[in-house]
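Each chain, letter by letter, is given below.
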Amino acid sequence: YADINLDGEPVELDWTVDCEASRISFEARGRADGWVGVGFTDTADKMSGADTYQIRGGSGVRNGRAVGRAVVGAGEIPGSSGESKDGLLIGRWTRDLDTDSP
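Not measured: the values here are computed from a predicted model. (Residues numbered from 1 in each chain as written. Predicted model: local features only at pLDDT ≥ 70, side-chain atom pairs only at ≥ 80, totals over all residues. Heavy atoms only, no water.)

Q: Just checking my understanding: could you explain the pattern of salt bridges for this structure?
A: Any two side chains of opposite charge can pair, so long as their charged atoms come close to each other. The tally for this structure, following the rule as stated, stands at eight salt bridges. Salt-bridge contacts for D14 lead to R29; the nearest nitrogen and oxygen are separated by 2.7 Å. Here R29 lies in strand β3 (residues 23-31) and D14 lies in strand β2 (residues 9-18), a separation of 15 residues in the sequence. Judged by relative accessible area, which is 15%, R29 ranks as buried. Three or more residues joined by partner-sharing salt bridges are found here, namely E12, D14, E27, R29, E83, K85 and R92. (Salt bridge = Lys/Arg side-chain N within 4 Å of Asp/Glu carboxyl O. Helix = DSSP H or I, 4+ residues; strand = E, 2+ residues; numbered from the N terminus. Buried < 20%, exposed > 50% of the residue type's maximum accessible area, 1.4 Å probe, protein only.)

Here it is as structure tokens:
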């Protein structure tokens, strides 16, 4: 569990690891008018190269790679979900533990 404050609004990230299946499941929650994004990188303070996840209400979670401040190759993750409830965006997705992404 991680609670990250951005401009006074927390973004919560929960995860569960299934070691036998080598998979990790995430749930991210944050208040926003449009979307909430989460990124993973092994380079501190750098967005470029990050493995990114974008959550929008009413659709699945999109995954892509950050290049500068843009995201390329973004596509919806099969089996993911994104919903909006009273301004709270909630996204759920699962990925392999061992990927080419950070």
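Following the structure, the description resumes.
Q: I would appreciate a short explanation of unusual backbone geometry in the present structure.
A: In most cases, non-glycine residues show a negative phi, while peptide bonds are predominantly trans. Residue S22 is not a glycine yet carries a positive backbone phi of 55 degrees. On the secondary structure map, S22 appears in the loop between β2 and β3. Under the relative-accessibility criterion, S22 is labelled partly exposed at 38%. Despite not being glycine, D86 has its phi angle at roughly 55 degrees, a positive value. Mapping D86 onto the fold places it in the loop between β8 (81-85) and β9 (88-96).

Q: Would you mind going over the nonpolar core with me for this structure?
A: With 13 residues, the main nonpolar core has L13, A28, I55, V61 and W93 as its most contacted residues. For this core, the elements supplying multiple residues, two or more each, are β2, β3, β4 (36-40), β5 (51-55) and β9. The element best represented in this core is β3, accounting for three residues. Contacts of V61, omitting those with residues within four sequence positions, involve Y53, Q54, I55, G75, E76, I77, S80, S81, G91, R92 and W93. (Core = buried A, V, L, I, M, F, W, Y, C linked by side-chain atoms within 4.5 Å. Contact = heavy atoms within 4.5 Å.)

Q: Explain the environment of G73 to me, please; I cannot follow it from the model alone.
A: The topology assignment puts G73 in strand β7 (residues 70-76). Look at G73 and you get exposed, because its relative accessible area is 73%. In sequence terms G73 and R62 are eleven residues apart; their C-alpha atoms lie 9.5 Å from each other. Those residues in contact with G73 that lie beyond four places of it in its chain are N63 and G64.

Q: Sorry if this is basic, but what is going on with the pairing of β7 here?
A: In summary, the side chains of a regular strand alternate between the two faces of the sheet. Bridge count for strand β6 (residues 62-67) against β7 is five bridges, and the pairing is antiparallel. Across the sheet, the residue bridging to R62 is E76, located in β7. Connecting β6 to the next strand, β7, in antiparallel fashion are two residues, including G68 with a positive phi near 65 degrees. (Pairing = 2+ DSSP bridges.)

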